[in-house]
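One-letter residues, chain by chain:
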Amino acid sequence: MKLRYAQLSRRLVSSPVTRLSAFTLTELLIVLVIIGILVLLALPALMPLISRTRSVEAKQMLSHLQALEKTYFFEHAKYSFSLDDIGFEQEKLSTENGKANYRITITSASPAQFAARATAVVDFDGDGTYNVWEIDQDKNLVEVTKD
């Protein structure tokens, strides 16, 4: 038994060491630096796209609000000035640890017409201008202030 163990251990020790091919730490760091530079180059070009995708939230919320106002109008023969009356619930804003980036308000309401506004609570591109959208009873959706 001892002889067999000795032969086996000699064979393991005397066998040539096989090297696995792999990347060195330096090569990995260089690749990460290159990726970082490419991201920094692409970011300014992507900012307007990010801003436009965020405005989809405002468009959808205002379209939903317009549909709720239209339903309220068919039931009461007038438009409502209250979000609660029409059943619209403002999602918690991102400034209050929520998800919504726009505050929805009804700016005017009368028996014949209404107007609502979505105002951004976040400056998406950091230029100091906040995005504003408006909609009316005829579903005319207009971007009042571009971000």
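What comes next is a walk through the structure. (Residues numbered from 1 in each chain as written. Predicted model: local features only at pLDDT ≥ 70, side-chain atom pairs only at ≥ 80, totals over all residues. Heavy atoms only, no water.)

Turning to the overall build of the chain, a few remarks are in order. When helices and strands are counted, the chain shows 3 helices and 4 strands. Listing each helix as α and each strand as β along the chain from the N terminus yields α-α-α-β-β-β-β. Scored against the burial criterion, the 147 residues of the chain give a buried share of 25%. Here the contacts in the chain between residues at least 6 apart in sequence split such that 40% fall between residues at least 24 apart. Roughly 10,800 Å² of accessible area belongs to the chain as shown, and the carbon and sulfur atoms make up 61% of that amount. (Helix = DSSP H or I, 4+ residues; strand = E, 2+ residues; numbered from the N terminus. Buried < 20%, exposed > 50% of the residue type's maximum accessible area, 1.4 Å probe, protein only. Contact = heavy atoms within 4.5 Å. Areas by Shrake-Rupley, 256 points an atom, 1.4 Å probe, with all protein chains shown as cover.)

Moving on to the side chain of S55. Summarising the element assignment, S55 is placed in helix α2 (residues 25–76). The class for S55 is buried, based on a relative accessible area of 5%. When near neighbours in sequence (up to four residues on either side) are disregarded, S55 contacts Y102, N131 and W133.

The antiparallel open sheet is built from 4 strands, whose spatial order is β1-β2-β3-β4. The two strands at the open ends of the sheet, each matched to only one other strand, are β1 (102–109) and β4 (142–145). Within this sheet the neighbouring strands show an average axis-to-axis angle of 25 degrees, counted without direction. Sheet analysis places β1 next to strand β2 (residues 114–120), joined by 7 bridges and oriented antiparallel. Considered in β2, the bridge of I106 is made with A116. (Pairing = 2+ DSSP bridges. Axes fitted to C-alpha atoms, helices over the stretch in contact; angles between N-to-C directions.)

This next bit is on the environment of W133. Among the secondary structure elements, W133 is positioned in strand β3 (residues 132–136). Sequence-wise, W133 and T145 are 12 residues apart; in three dimensions their C-alpha atoms are separated by 7.1 Å. Not counting residues up to four positions away in its chain, the partners in contact with W133 are S55, A58, K59, L62, Y102, A116, R117, A118, L141, V142, E143 and V144. Among the polar contacts listed, one links the side chain of W133 to the side chain of N131, at a separation of 2.7 Å. (Polar contact = N/O pair within 3.5 Å; in protein donor to acceptor, adjacent residues only side chain to side chain.)

The subject of this paragraph is the packing of aromatic side chains. We describe a pair of aromatic rings using the distance from one ring centre to the other and the angle between the two ring planes. Overall, the coordinates contain 3 aromatic pairs when judged by the stated rule. Here F73 and Y79 contribute two aromatic rings whose centre-to-centre distance is 4.7 Å and whose plane-to-plane angle is 20 degrees, an arrangement assigned as stacked. When the centroid spacing of 5.2 Å and the interplanar angle of 40 degrees are considered together, the rings of Y79 and F114 count as tilted. One end of the pair, Y79, is in the loop between α2 and α3 (83–86); the other, F114, is in strand β2, with 35 residues separating them in the sequence. Exposure class is identical for Y79 and F114. Each is buried. Members of the aromatic cluster, each reached through a chain of ring pairs, are F73, F74, Y79 and F114. (Phe/Tyr/Trp six-rings, centres within 6.5 Å; stacked < 30°, edge-to-face > 60°.)

Side chains that differ in sign of charge can pair as their charged atoms come close. Summed over the entire model, instances satisfying the criterion amount to 1 salt bridge. For the salt bridge of R117 with E134, the shortest nitrogen-to-oxygen distance reads 2.2 Å. In this pair, R117 is assigned in strand β2 and E134 in strand β3, connecting sequence segments 17 residues apart. Given the relative accessible area of 30%, R117 is considered partly exposed. (Salt bridge = Lys/Arg side-chain N within 4 Å of Asp/Glu carboxyl O.)

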